[in-house]
Amino acid sequence: EAAVTQSPRNKVAVTGGKVTLSCNQTNNHNNMYWYRQDTGHGLRLIHYSYGAGSTEKGDIPDGYKASRPSQENFSLILELATPSQTSVYFCASGARGSGNTLYFGEGSRLIVV
Amino acid sequence: QQQVRQSPQSLTVWEGETAILNCSYEDSTFNYFPWYQQFPGEGPALLISIRSVSDKKEDGRFTIFFNKREKKLSLHITDSQPGDSATYFCAASIASSSFSKLVFGQGTSLSVVP
């Protein structure tokens, strides 16, 4: 069974503060992704990675950075958090290639006050 | 710009009825269309998928109908059960040899009433 674990599961941050969301996968997948989920928008891709050391911008990267220090770990970094970044964030992993299943974590709920 | 659109936003059906969830897309290069199911408090999970070379895919009570010419697809859930109550996301993939970048629709929230 594919396993993607996110931490923290819930976070309250202050405006202007730094937030790091972490993701770990034990599937040995090359590809990892960060999405945010908002009502009316579905899931939108923030950053993704082909493998350790690589990060690529997704469809809504502004205000976010990503880091992939190893095959297993992929972090999403909000250097200066804003209330508009209040959302639920999902990490996912997938095997190399098109048309492969994405395995999602359980999500990290972030509230920026 | 919403490349993948779903309708309706929410749907309520009685137990035993067929639920029909609709999806349309804009980019003709999309060739892989998965549907993900999400229960409250959980991440989405793959339910069923279809490739553009097919016009129908069945898996038990779940069937995808695909119309390439009209760029439309639909998910039919027959004999709906209360346990099917969830949010369903239609997604589309841009063909790539090494990377699967999924574009998701807004989701349809399905409620099945006993």
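Residues numbered from 1 in each chain as written. Chains lettered and ligands numbered in written order. Predicted model: local features only at pLDDT ≥ 70, side-chain atom pairs only at ≥ 80, totals over all residues. Heavy atoms only, no water.

Glancing now at the overall build of chain B. What chain B contains, in helices and strands, is 0 helices and 11 strands. Scanning chain B from its N terminus toward the C terminus, one meets helices and strands in the order β-β-β-β-β-β-β-β-β-β-β. Structurally, chain B occupies a C-alpha span of about 45 × 30 × 25 Å along its principal axes. By the burial criterion, 46% of the 114 residues in chain B qualify as buried. Counted over contacts in chain B with a minimum sequence separation of 6, partners at least 24 positions apart contribute 55%. Just so you have it, chain B exposes about 5,400 Å², and 46% of that area is on carbon and sulfur atoms. (Helix = DSSP H or I, 4+ residues; strand = E, 2+ residues; numbered from the N terminus. Buried < 20%, exposed > 50% of the residue type's maximum accessible area, 1.4 Å probe, protein only. Contact = heavy atoms within 4.5 Å. Areas by Shrake-Rupley, 256 points an atom, 1.4 Å probe, with all protein chains shown as cover.)

Residues and elements named next belong to chain A. Mapped onto the secondary structure, T15 falls in the loop between β2 (10-13) and β3 (19-25). Along the sequence, T15 and L80 sit 65 residues apart, while their C-alpha atoms lie 7.1 Å from each other. A polar contact is formed between the side chain of T15 and the backbone oxygen of V113, at a distance of 2.8 Å. (Polar contact = N/O pair within 3.5 Å; in protein donor to acceptor, adjacent residues only side chain to side chain.)

Our next topic: the interface of chain B and chain A. When the parts of a complex come together, some accessible area is lost, and that lost area is often taken as the interface size. The interface is formed by 23 residues belonging to chain B together with 24 residues belonging to chain A. In total, chain B and chain A occlude about 1,900 Å² of area from one another, counting both sides; carbon and sulfur atoms represent 54% of this. On inspection of chain B and its partner chain A, the count reaches 1 salt bridge. One can count 4 residue pairs in polar contact (both at pLDDT 80 or more) joining chain B with chain A. Of all the elements in the fold, those that place two or more residues in the side of chain B that touches chain A are β4 (30-38), β5 (45-51), β9 (86-94) and β10 (101-104) of chain B. Its residues assigned to classes, the side of chain B that touches chain A comprises 10 nonpolar, 10 polar and 3 charged. (Buried area = accessible area lost by both parts, 1.4 Å probe. Salt bridge = Lys/Arg side-chain N within 4 Å of Asp/Glu carboxyl O. Nonpolar A, V, L, I, M, F, W, Y, C, P; charged D, E, K, R; others polar.)

Quick look at a nonpolar patch on the surface now. A contiguous nonpolar surface patch, about 370 Å² in accessible area, is contributed by A:V12, A:V14, A:I111 and A:V113. As for its position among the elements, A:V12 is in strand β2. (Patch = residues over 30% accessible without salt bridge, like charges linked within 9 Å, V, L, I, M, F, W, Y side chains within 5 Å.)

Once that is clear, we can look at the state of the cysteines. Residue and element names in this part refer to chain B. Across all of its chains, the model carries 2 disulfides over all chains by this definition. Here C23 is linked by a disulfide to C90, with a sulfur-sulfur distance of 2.0 Å. The chirality of the disulfide connecting C23 with C90 is left-handed, given an S-S dihedral of about -70°. Note that C23 is positioned in strand β3 (residues 19-25) and C90 in strand β9, a separation of 67 residues in sequence. Taking relative accessible area as the criterion, C90 reaches 0% and is therefore assigned buried. (Disulfide = S-S within 2.5 Å.)

In this section: the nonpolar core. Residue and element names in this part refer to chain B. Within the largest apolar cluster, 26 residues are counted, with the highest numbers of intra-cluster contacts made by W35, L73, L75 and Y88. Listing elements by their share of this core, those giving two or more residues are β2 (10-14), β3, β4, β5, β7 (62-67), β8 (72-77), β9 and β11 (108-113). If sequence neighbours within four positions are ignored, Y88 has contacts with Q6, L21, W35, Y36, Q37, L47, F62, L75, I77, G107, T108 and L110. (Core = buried A, V, L, I, M, F, W, Y, C linked by side-chain atoms within 4.5 Å.)

Before going further, it helps to examine the side chain of B:T63. For B:T63, the location among the structural elements is in strand β7. Those residues in contact with B:T63 that lie beyond four places of it in its chain are B:K56, B:K57, B:E58, B:S74, B:L75 and B:H76.

Residue and element names in this part refer to chain A. In spatial order, the strands read β1-β3-β8-β7; together these 4 strands make up an open sheet with antiparallel pairing. Each end of this open sheet is capped by a strand with a single partner; those strands are β1 (4-7) and β7 (65-67). Each strand of the sheet is rotated relative to its neighbour by a mean of 20°, with strand direction disregarded. Here β3 runs beside strand β8 (residues 73-78); their pairing, made up of 6 bridges, is antiparallel. Counterpart to S22 in the pairing with β8 is S75. (Pairing = 2+ DSSP bridges. Axes fitted to C-alpha atoms, helices over the stretch in contact; angles between N-to-C directions.)

This part covers the pairing of strand β4 (residues 31-38) of chain A. Residue and element names in this part refer to chain A. The buried fraction of β4 is high, at 8 of 8 residues. Of the two faces of β4, the one carrying N31, Y33, Y35 and Q37 and the one carrying M32, W34, R36 and D38 are both buried. With 7 bridges joining them, β4 and strand β9 (residues 87-94) adopt antiparallel strand pairing. Across the sheet, residue R36 finds its bridge partner in β9, namely Y89. Bridge analysis of β4 against strand β5 (residues 42-49) gives 7 bridges, and the strand direction is antiparallel. Residue pairing across strands places Y35 opposite L45, the latter belonging to β5. Following β4, the chain reverses through 3 residues before pairing antiparallel with β5; G40 in that reversal takes a positive phi of roughly 85°.

Honestly, it's all geometry; don't read function into it.
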